[in-house]
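# Overview (structure and organization)
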Protein chains: 2
Amino acid sequence: MNIALDVMGGDYGPGVAVEGAVLAARKFGARITLIGRQEIIESSLAQHDTTGLDLPIVPAPDVVEMADKPTAAIRAKPNSSMVIASKLVSSGEAQAFVTAGNTGAAMAAGILNIGRIKGILRPALLTPFPTRKGACVVLDVGANVDVRPEHLQQFAIMGAIFSRHVMSVPDPKVCLLSNGEEPGKGNQLVIAAYPLLQNTPGINFQGNAESEAVVSGDVDVLVSDGFSGNIFLKTAEAAGAGLQAIMFEELTGSLMGKLGALLAKGALRRVRSRIDDSEYGGAALLGLAGVEIVAHGKSTANAIQSALRFAKLGIESNLVDEIKAGIDRIEITETLHQAPADIDTAAQPAK
Amino acid sequence: MNIALDVMGGDYGPGVAVEGAVLAARKFGARITLIGRQEIIESSLAQHDTTGLDLPIVPAPDVVEMADKPTAAIRAKPNSSMVIASKLVSSGEAQAFVTAGNTGAAMAAGILNIGRIKGILRPALLTPFPTRKGACVVLDVGANVDVRPEHLQQFAIMGAIFSRHVMSVPDPKVCLLSNGEEPGKGNQLVIAAYPLLQNTPGINFQGNAESEAVVSGDVDVLVSDGFSGNIFLKTAEAAGAGLQAIMFEELTGSLMGKLGALLAKGALRRVRSRIDDSEYGGAALLGLAGVEIVAHGKSTANAIQSALRFAKLGIESNLVDEIKAGIDRIEITETLHQAPADIDTAAQPAK
């Protein structure tokens, strides 16, 4: 097993990414190839005990910046750590590509360099979302803002496979994100996708779900277009953060509040840890001919370690082959095979 | 001023609605006409001191149930409290219609009986959303799940007028709900609506907004299709409720947590009151030739009082005439005037 880590992405710099790789290599014993500026990686590695760890370096002189235009940057910077890391997967030298860099560029690198699985219409970005009972995987969360019903069908298949094999949910409950639970609720897209998901073999489709059911933990795979899925995810994060900010203001605004918070410190810490999503390490781009994990820009060394663990689980569970088999089980008519013209990256040939 | 209150809607029964009317009449001095089963209203009123209050009764023998199909129920139950209450507005006897009943039926009653303002393509459901600094009005939150850019333009105009006249925001900041703040982010709908809103006179359009900016209180009017707007609203509610549930579990799960929560009781109560949206009393259906407020099904007497206050503000601020004037200021081309065929209620003639 070989995981290609772009150490130049991430808001906290290459030192943090290298530290995450050291932690992961020590914990899981995987080979992690570090891609980036050689002297920076070497000096970062020198700060850790790397005895017995398998951490080869592949030098990359260039860097894709956070402000770069995704597809253009991937085409214009062949010597960037992101491009070289993703190409290690397409050449078969690595099985997974992990980066905390520019999300759009990471998706473009995956689609252009690793390539889509044959039959996949649109790769989708999946994120585990912490619920009251564990986690629900949500896809798409932003790779495809305008989709058709057959795309949602493929998202459902890929999400169910991910939930089963990576999240270890034996028979994941798949739902469509909608504005009402009853069949017939939803916009035209959801209404058209509903019967398609009902008739998809190999998934346990449970109909429409509203946000409350997802937060409660009654859904394992939440299927959505990338626009609504992104709004779902960001709204939940913003509402949680807003409520915590209001609590902080009120607790610190009075002596009794401060004392109470001090006494309840342990309980409040457990609350934060239950809603913390960094243990999942980021988002997975599904539908590619290799595993790709896009970590948060603000990833700590621990978050990078989690992203590498996530990548390892994807490799060990044969995620790519499982998705291939899952997509082969459904019939896709000729018209559905046409890549849409509005997303430039999706028009690349499938592998 | 006369506000028509359907007392038969609402999960807590007519007694609670009547109590809300008594509270509002005492506080604001408005005439509130109570529509529903006469003997029930009379016996509810007998439990309160109504000296000097103007609370006439209009008997209605029938009731629209929560499970009824909206448009069908409004057509099949001409003697229901909801239909009679909405018709008091169309006949000019009342200026506002308030109900805590079946939301879909309430919308159908408004559109069929009160009727649209001339030029309004789609009435929209608006809800005030509590933010860290106050409230942002969000529309549409579910009346129109599939919309066109010109619908969003009208929502923006109506939302800005509501914010200015009912929420007392002098120059409300109007944003499009999107998956990114930069111009060009969004699905096809948002991207097409963006230049339209930029060129709309009388609104202070500030571009796209993500959920975090809304929660922070940086947006006064959030414009969205009814599908995404509904998901925004329900996700924020669900995430807030989920976080509170997790906090309750952790605080009551240990002695120190319990003690801390006891000490911080006042602070925690202030947190709940800051995120409580019941002071707004529900949603407003905008674009009709009269004021309509759809209160939560689970409205307490206080929430009904808030909904009635909301209706009174709408009447006093000439909301309907302001919207008429706002819509007259923009040019709507002939094709935009065609009501879409997919929403039966929207196909009714405008008044």
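Coordinates for the structure precede this section.
Conventions used here
- Residues numbered from 1 in each chain as written.
- Chains lettered and ligands numbered in written order.
- Predicted model: local features only at pLDDT ≥ 70, side-chain atom pairs only at ≥ 80, totals over all residues.
- Helix = DSSP H or I, 4+ residues; strand = E, 2+ residues; numbered from the N terminus.
- Rg over C-alpha atoms; globule rule 2.2 N^0.38 Å.
- Contact = placed C-beta atoms within 7 Å.
- Nonpolar A, V, L, I, M, F, W, Y, C, P; charged D, E, K, R; others polar.
- Pairing = 2+ DSSP bridges.
- Axes fitted to C-alpha atoms, helices over the stretch in contact; angles between N-to-C directions.
- Least-squares fit on C-alpha atoms with pLDDT ≥ 70 in both.
- Expected span 1.5 Å × (residues − 1).
- Buried ≥ 20, exposed ≤ 12 C-beta atoms within 10 Å, placed from the backbone.
- Right-handed = clockwise from strand over helix to strand, strands pointing away.

### Regarding the overall build of chain A
Helix and strand counts for chain A stand at 14 helices and eleven strands. The C-alpha radius of gyration of chain A comes to 21 Å, within 12% of the 20 Å expected for a compact globule of 351 residues. Overall size of chain A, expressed as C-alpha extent along the three principal axes, is 60 × 60 × 35 Å. Sequence separation of at least 24 residues holds for 73% of the intrachain contacts in chain A that already meet a minimum separation of 6.

### Considerations on the interface of chain A and chain B
Counting residues at the interface gives 46 residues for chain A, matched by 46 residues for chain B. The set of elements that each furnish at least two residues to the side of chain A that touches chain B consists of α8 (211-216), α9 (226-252), α10 (255-263) and α11 (265-274) of chain A. In terms of residue count, the dominant contributor to the side of chain A that touches chain B is α9 of chain A (18 residues). Per-class residue counts for the side of chain A that touches chain B are 22 nonpolar, 16 polar and eight charged.

### Concerning the environment of Ala-156 of chain B
Residue and element names in this part refer to chain B. Among the structural elements, Ala-156 can be located in helix α6 (residues 149-165). Between the alpha carbons of Ala-156 and Ile-41 there is a distance of 39 Å; along the sequence they are 115 residues apart. Not counting residues up to four positions away in its chain, the partners in contact with Ala-156 are Val-174, Leu-197, Thr-200, Ile-203, Val-221 and Val-223.

### Here we look at the sheet that holds strand β4 (residues 96-99) of chain B
Residue and element names in this part refer to chain B. Spatial strand order, β3-β2-β1-β4-β11-β10-β5-β6-β9-β7-β8: eleven strands in an open sheet with mixed pairing. Looking at which strands have only one partner, the edges of the open sheet turn out to be β3 (57-59) and β8 (204-209). Here the strands of the sheet are splayed against their neighbours by 25° on average, with no regard to which way each runs. Relative to strand β9 (residues 221-223), strand β6 (residues 135-139) runs parallel, the two being bridged by three bridges. Looking across to β9, one finds that Leu-139 is bridged to Val-223. On top of the sheet, helix α1 (residues 14-28) reaches β1 (2-6) and β2 (31-36); it is set at about 170° to β2, its chief contact. Contacts from helix α5 (residues 103-114) reach β4, β5 (124-130), β10 (283-286) and β11 (291-294) within the one sheet, and its direction differs from that of β11 by about 170°.

### Here we look at the relation of the copies chain A and chain B
You can overlay chain A on chain B at an RMSD of 0.0 Å; the transform is a turn of 180° with a shift of 0.0 Å along its axis. The two molecules are tied by a two-fold rotation axis, judged by turn and shift. Measuring from the rotation axis to each C-alpha of chain A, the shortest distance belongs to Gly-260 of chain A, at 1.8 Å. Taken together, the interface assignments show that 100% of the residues at the interface of chain A recur at the interface of chain B, consistent with an identical surface on both copies.

### Quick look at the pairing of strand β8 (residues 204-209) of chain A
Where strand β7 (residues 173-177) of chain A and β8 of chain A come together, four bridges link them in parallel fashion. When the bridges of β8 of chain A are listed, Val-174 of chain A appears paired with Phe-205 of chain A.

### What to know about helix α5 (residues 103-114) of chain A
What sets the pattern is the α-helix's 3.6 residues per turn: residues three or four places apart point alike. When the terminal C-alpha atoms of α5 of chain A are compared, their 15 Å separation across twelve residues agrees well with the 16 Å that a helix rising 1.5 Å per residue should span. Where α5 of chain A is buried, its residues meet α3 (70-76), α4 (81-90), β4 (96-99), β5 (124-130), β10 (283-286) and β11 (291-294) of chain A.

### Notes on the pairing of strand β1 (residues 2-6) of chain A
Residues and elements named next belong to chain A. Among the five residues that make up β1, four are buried, leaving the element largely enclosed by the rest of the structure. The β-α-β motif built from β1, the intervening helix α1 (residues 14-28) and the parallel element strand β2 (residues 31-36) has right-handed crossover chirality. Sheet topology places β1 next to β4; four bridges connect them, and they run parallel. Pairing of Ala-4 across the sheet is with Phe-97, part of β4.

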